[in-house]
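Chain by chain, the residues run as shown.
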Amino acid sequence: MDDSQYFNEQHLQVRDMVRAFARDEVAPVAAHFDAISEFPWANIAKMAELGLLGVPWSEELGGAGLDLTSYMIVIHELAKVDASHGLTVSAHTTLGTSPIVYFGTPEQQQRYVPLLASGRVMGGFGLTEESAGSDAGGTQTTAVRNGDHYLLNGTKRFITHGGVGEIFVVTAVTDRDKGTRGGISAFILTKQNDDLARAAEHNIGHADELTPMPGFTSGRKEDKLGWRASDTRELIFQDVRVPVENRLGVEGEGFANFMRTLDAGRIGIAALSLGIAEGAFEEALKYSTVRRQFGQAISSFQGISFQLADMATEIEAGKHLVYHAAAMLQRGQNVTKAAAMAKLFCSEVAMRATIKAIQVHGGYGYTKEYPVERMMRDAKICEIGEGTSEIQRLVIARELLRDVTA
Amino acid sequence: MKIAVCIKRVPEMDVTFKIAPTGKAVDETGLKWDMSDFDGYAVEAALQLTEKAGTGEVHVISLGPDVVQETLRKALSMGVAKAVQLKCDTVPFDAYAIGTALAAELKDGGYDLIMFGKMSIDGANGVTQFVVAELLGLPLVHACSKLEIADGKGSARREIEGGGELVSFALPAIVSIDEGIARPRYPSLKGIMAAKRKPLEVRPAQLGEVRLTIETMELPPPRAAGRIIGEGAAAVPELVALLQNEAKVL
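Residues numbered from 1 in each chain as written. Chains lettered and ligands numbered in written order. Predicted model: local features only at pLDDT ≥ 70, side-chain atom pairs only at ≥ 80, totals over all residues. Heavy atoms only, no water.

1. Description of the sheet that holds strand 7 (residues 140-150) of chain B
Residue and element names in this part refer to chain B.
For step 1, the next point in the chain: Taken in spatial order, the nine strands make up an open sheet running 9-8-7-10-6-1-4-5-11, and their pairing is mixed. Two strands lie at the open edges of the sheet, namely strand 9 (163-170) and strand 11 (200-204), each paired on one side alone. Neighbour to neighbour, the strand axes of the sheet diverge by 30° on average, direction disregarded.
For step 2, the next point in the chain: Sheet topology places strand 7 next to strand 8 (residues 153-160); six bridges connect them, and they run antiparallel. Across the sheet, residue Leu147 finds its bridge partner in strand 8, namely Ala156. (Pairing = 2+ DSSP bridges. Helix = DSSP H or I, 4+ residues; strand = E, 2+ residues; numbered from the N terminus. Axes fitted to C-alpha atoms, helices over the stretch in contact; angles between N-to-C directions.)

Given below as C-alpha cells:
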C-alpha cells in the first residue's frame, strides 16, 4: 500500500514509535504473558506514559488528541506482535471510554475520562450476558429506579478488563416491555481493581478518588484459547445502588448508543485482526527464506511462495478496508457497513493467514518456539468477539437490502 | 544550560545491504532510516541533563537533504526544543567538510555543551566531533559512558581496557557519547503532537572542501560452506591434520 493514501507524516511518526515499542517492549514478553495468562501491567504503565491508552481523546480530557487513523495504527502495530496488547488498547478506548466521551454529561466526562485516557485506570464495557450476546435484546440485567438511584441486578459475561478494570459502562433493562426499542439503558459503574498488588508495583491501575460500588464484583477469570494476556471475566451486580447521575445518556437510549460504539469497535477489531495476519505473514516470509530443504530455501518452492502471495494480497486488501473505514469514521460518516465489512474480512484473513503461517513453518510452527501458533489462537476470537462473522454478514446484508427495498 | 546535539540519519542495520550500480554507495532501495544509535543516546542524555537541571534547552542539528527533517522531527518529538537542517544535496564522506558546516552553525549559538554520538553507525568514522572541536577550539571528551554537569563544569567517564577513567572539563565543551549512557525514550503521542509546533529551521550547509571520496565499495566474498569431518574423539586426528596441513594454523 502506498502509505500516502491514508497516512500523513504524523501518522508515520506514530507508526514508527509504536513499531519500535512493540518490537522492543512487547515482543520479548508476549509468549510469557500468553503462557501464564496474566495482565502485563509493566507494559500497560509504559503504554499509559506514551499516551497509547487515550489516543483519540482531546488533550483537555487527558487524551493525546490524535485522529482515529492514528488510533487504528496503534492497535494494528501492537497486534502484529501481540494481539492481547492490541486488544487492551481497543477494549479500553473504544468500549470502556468512548461511550462516556460520546454520550456522557460534561460532569461525567470530567470525572471519568481523564482517569481512563491517561491510562491510570482500565475501563471496560458490559453488554454480553449468558443469554444475550449477538442478541442484545436478550439482556436480563435489570435496573430499577428507586428515587435518586437505580438498583442493578444481573451478570455480564466475557467482559474484557472485568478484573483489572475500575470503570465500566454496562447495559441494563429499564423497561422490559420496550426491549431494544427504548427499554435498555446504560450506566457508569465503578469497582476496585482485583489485581491491585501487581498493578501497584507499576503505580497504575487504581484511582483512590473512585468509590467502589458495593455489590459490584467480578466473577471468575476465563481460561481462554487466545488473547490470554487480556483479562476476561464476569461482572456481577447484586443490588448495586447506582446514582441517577451515573446513568449514561437518556433512559432507554442505551441500546442505540451501544450500536454506535460497536461500529467503531469493529474497526478496532479489524485493525487488530489485520495486525495478527501481518505479524504471522512477516514471520512466515522470514522463515521461508531461512529454512532450507532439498538444498534450497523453501521460499523457492511455489507451494510456499504462492501461500505467501495469497497472504500478502489479502492483507493488502484488509488495510484498505480498515483505513478507509477509519477515515470515514473520522469524517463523521455512517460506517455501519464499512466497519462490518472490515471486521468480517480482516478477522477471516487473520485466521487464514495464521494457519498458512503455521503450515509454512511446518512442525516448528506447531511449537511454542515460534510465535505463529499463538497468533493462530489469538486470531480465532476475532471472528467471534464484538459481533461474530455471522452477525457482520447480517449487518452488511441488512444495509445492502435497505438500500434496494427502501 | 543550552545544549546542541549533532545527529545523523542512517539506514537501519538489520537488512542485507546491496551496492548501488555506481559501485560507490549502498543501494538505498527499500532501506528504512532512523537516527544513528549513538546519536539517539546523545539526544536522550542531553534531555536528561536539562530535565535534571530544571532549566535549559536542547537543539538538534543535522546535515543533509530534506529527508533528514524526518530524523530532526523525531528528536523534536522526544522533547528537543529546536531543530536545524543544514541543507545539502548529499552528505559527503569527508568529516572535514561536514565538520566545517557544523562549526559554522555552532560557533555563535551560545551552547554550553555540544554533543555527538561517538560515531555514526553507517560511516563509522567517528571523526566529525574532532574536526568541530578543532575548528571551534573547544575541549573534547570522546566516547563518554557517563556525563554530569554541575557548577559550570563537566565530568565524564570513559570506558578503557579493563576499567574506566574519569575526565573533568570546563564548559563550553564537546562530548561524544558511547552506549550505556541512556536508553533513548520513545516519542510519546503528546511529544509527536507538540513537535508539529516546534521550530525546524533550514539553512544552506556551508560545507568545507571535500577531500575524501569513496572510490569503490565491495561486499565481503561469500564464505565457503563448512565441512563436517566426524564426531567426538574419533574426529580429532583428522581435524588436527587438516589444521596443520590445509589451514596451516597449527
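2. Re the packing of aromatic side chains
Geometry of an aromatic ring pair is reported as the spacing of the ring centres plus the angle between the planes.
Residues and elements named next belong to chain A.
For step 1, the next point in the chain: For the structure shown, the criterion picks out 13 aromatic pairs over all chains.
For step 2, the next point in the chain: For the pair Phe7 and Tyr323, a centre-to-centre distance of 4.8 Å together with 90° between the ring planes defines the contact as edge-to-face. Here Tyr323 lies in helix 8 (residues 302-330) and Phe7 lies in the segment before helix 1 (9-36), a separation of 316 residues in the sequence.
For step 3, the next point in the chain: The exposure class of Phe7 is buried, given its relative accessible area of 9%. (Phe/Tyr/Trp six-rings, centres within 6.5 Å; stacked < 30°, edge-to-face > 60°. Buried < 20%, exposed > 50% of the residue type's maximum accessible area, 1.4 Å probe, protein only.)

3. Overview of the pairing of strand 7 of chain B
On any regular strand, side chains alternate: one points to one face of the sheet, the next to the other face.
Residues and elements named next belong to chain B.
For step 1, the next point in the chain: Looking at chain direction, strand 7 and strand 10 (residues 173-177) are connected through three bridges and run parallel. The residue of strand 10 that forms the bridge with Val141 is Val175.
For step 2, the next point in the chain: The turn joining strand 7 and strand 8, which pair antiparallel and follow one another in sequence, is formed by two residues; a positive phi near 50° is taken by Asp151.

4. As for the interface of chain A and chain B
For step 1, the next point in the chain: With 20 residues of chain A in contact, the opposing surface of chain B contributes eleven residues.
For step 2, the next point in the chain: Summed over both sides, the interface of chain A with chain B buries roughly 1,400 Å², with 57% coming from carbon and sulfur.
For step 3, the next point in the chain: Per-residue buried area on chain A facing chain B is highest for Gln10, Gln13 and Leu50 of chain A; these three make up 32% of the total on that side.
For step 4, the next point in the chain: Inspection of the chain A/chain B interface yields two salt bridges.
For step 5, the next point in the chain: Note that Glu9 of chain A and Arg73 of chain B form a salt bridge whose closest N and O atoms lie 2.6 Å from each other.
For step 6, the next point in the chain: Where chain A meets chain B, there are five residue pairs in polar contact (both at pLDDT 80 or more).
For step 7, the next point in the chain: When residues of the side of chain A that touches chain B are traced back to their parent elements, those giving at least two are helix 1 and helix 2 (41-50) of chain A.
For step 8, the next point in the chain: Ranked by the residues each element gives to the side of chain A that touches chain B, the list is headed by helix 1 of chain A, at nine residues.
For step 9, the next point in the chain: Of the residues that constitute the side of chain A that touches chain B, the class distribution is nine nonpolar, six polar and five charged. (Contact = heavy atoms within 4.5 Å. Buried area = accessible area lost by both parts, 1.4 Å probe. Salt bridge = Lys/Arg side-chain N within 4 Å of Asp/Glu carboxyl O. Polar contact = N/O pair within 3.5 Å; in protein donor to acceptor, adjacent residues only side chain to side chain. Nonpolar A, V, L, I, M, F, W, Y, C, P; charged D, E, K, R; others polar.)

5. Comments concerning the environment of Phe301 of chain A
Residues and elements named next belong to chain A.
For step 1, the next point in the chain: By secondary structure assignment, the location of Phe301 is in the loop between strand 10 (296-297) and helix 8.
For step 2, the next point in the chain: The exposure class of Phe301 is partly exposed, given its relative accessible area of 25%.
For step 3, the next point in the chain: Separated by 60 residues in the primary sequence, Phe301 and Arg241 have C-alpha atoms spaced 65 Å apart.
For step 4, the next point in the chain: Setting aside residues no more than four positions away along its own chain, Phe301 makes contact with Gln293, Phe294 and Gln296.

6. A short note on a nonpolar patch on the surface
All names here are of chain A.
For step 1, the next point in the chain: A grouping of Met341, Leu400, Leu401 and Val404 is seen on the molecular surface, where their side chains present a nonpolar patch of about 370 Å² in accessible area.
For step 2, the next point in the chain: Of all the elements, helix 11 (residues 389-405) adds the most residues to the nonpolar patch, at three residues.
For step 3, the next point in the chain: With respect to the helices, strands and loops of the structure, Leu400 is situated in helix 11.
For step 4, the next point in the chain: Overall, the relative accessible area of 41% leaves Leu400 in the partly exposed class. (Patch = residues over 30% accessible without salt bridge, like charges linked within 9 Å, V, L, I, M, F, W, Y side chains within 5 Å. Areas by Shrake-Rupley, 256 points an atom, 1.4 Å probe, with all protein chains shown as cover.)

7. Some details on the side chain of Gln307 of chain A
All names here are of chain A.
For step 1, the next point in the chain: Secondary-structure assignment places Gln307 in helix 8.
For step 2, the next point in the chain: Exposure remark for Gln307: the relative accessible area of 18% places this residue in the buried category.
For step 3, the next point in the chain: With residues near it in sequence (within four places) discarded, Gln307 still touches Lys356 and Gln359.

8. As for the packing of helix 1 of chain A against helix 2 of chain A
Residues and elements named next belong to chain A.
For step 1, the next point in the chain: Relative orientation of the contacting elements helix 1 and helix 2 amounts to 170°, with a least axis distance of 11 Å. Considering the angle they form, helix 1 stands roughly antiparallel to helix 2. Along its contact with helix 1, which presents Met17, Phe21, Glu25, Val26 and Val29, the element helix 2 presents Asn43, Lys46, Met47 and Leu50.
For step 2, the next point in the chain: Residue composition of the contact of helix 1 with helix 2, by class: six nonpolar, one polar and two charged. (Parallel < 35°, antiparallel > 145°, perpendicular 65-115°, else oblique.)

9. Focus on unusual backbone geometry
If a residue is not glycine, its phi is most likely negative; likewise, a peptide bond is most likely trans.
For step 1, the next point in the chain: With omega at 0°, the peptide bond leading from Leu171 of chain B into Pro172 of chain B counts as cis.
For step 2, the next point in the chain: Here Pro172 of chain B is to be found in the loop between strand 9 and strand 10.
For step 3, the next point in the chain: In this structure, Trp227 of chain A is a non-glycine residue whose phi angle is positive, near 50°.
For step 4, the next point in the chain: Despite not being glycine, Lys248 of chain B shows a phi value in the positive range, around 55°.
For step 5, the next point in the chain: Mapped onto the fold, Lys248 of chain B is located in the segment after helix 6 (236-245).

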